[in-house]
Amino acid sequence: IYLKLRHNEIYYLYENGIEIDFYIKNADTLIESKFNSKMNKKQKQLFGSFNAKEKFVIDSVENLEYLKRFERIENGIDRGLYNNQLEQAIHL
């Protein structure tokens, strides 16, 4: 999951000994990864109470699809670089 998110401004959320895996500041998104496990009661409370525009629990391979929007490199193309070049070409 980290590899998909690494080009963003990511943090982890830690409060009173409870941790949520990822907070993407530039997208105001909270993400918890839970493969083969469930959030405990305190983790659910923190996840639910944190003010973020979007929240995702990644608990299966299928749910990794939610992370595509945060990837910068897709199919070998650096979207950040591609979008920058595209924007420059439009302004020519």
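Going by the structure above, here's the rest.
All values reported here derive from a predicted model rather than from experimental measurement.

### Some thoughts on the overall build of the protein
Summing up its helical and strand segments, the protein has three helices and six strands in all. Put simply, the protein runs from its N terminus to its C terminus through helices and strands in the order α-β-β-β-α-β-β-β-α. Of all intrachain contacts in the protein linking residues separated by at least 6 positions in sequence, the fraction that spans at least 24 positions is 42%.

### Focus on the side chain of Q43
Tracing the sequence through the fold places Q43 in helix α2 (residues 41-49). Not counting chain neighbours up to four residues away, the residues in contact with Q43 comprise I18, E19, I20, E32 and K34.

### Structural notes on the pairing of strand β4 (residues 54-58)
Examined bridge by bridge, strand β3 (residues 29-33) and β4 share five bridges and lie parallel to one another. Following the sheet pairing, L30 is matched in β4 by K55. Where the polypeptide runs from β3 across α2 and back to β4, its parallel neighbour, the crossover connection is right-handed.

### Focus: the sheet that holds strand β1 (residues 10-15)
Strand-to-strand pairing in sheets goes through backbone hydrogen bonds, with the strands running parallel or antiparallel. Across the sheet, four strands lie side by side as β1-β2-β3-β4; this open sheet has mixed pairing. A strand with exactly one partner marks an edge of an open sheet, and here the two such strands are β1 and β4. Direction aside, neighbouring strands of the sheet carry axes that sit 30° apart on average. Two strands pair when backbone bridges link them, and β1 and strand β2 (residues 18-24) are joined in this way by five bridges, in the antiparallel orientation. Bridge pairing links Y14 to E19 in β2.

The rules behind the values
- Residues numbered from 1 in each chain as written.
- Predicted model: local features only at pLDDT ≥ 70, side-chain atom pairs only at ≥ 80, totals over all residues.
- Heavy atoms only, no water.
- Helix = DSSP H or I, 4+ residues; strand = E, 2+ residues; numbered from the N terminus.
- Contact = heavy atoms within 4.5 Å.
- Pairing = 2+ DSSP bridges.
- Right-handed = clockwise from strand over helix to strand, strands pointing away.
- Axes fitted to C-alpha atoms, helices over the stretch in contact; angles between N-to-C directions.

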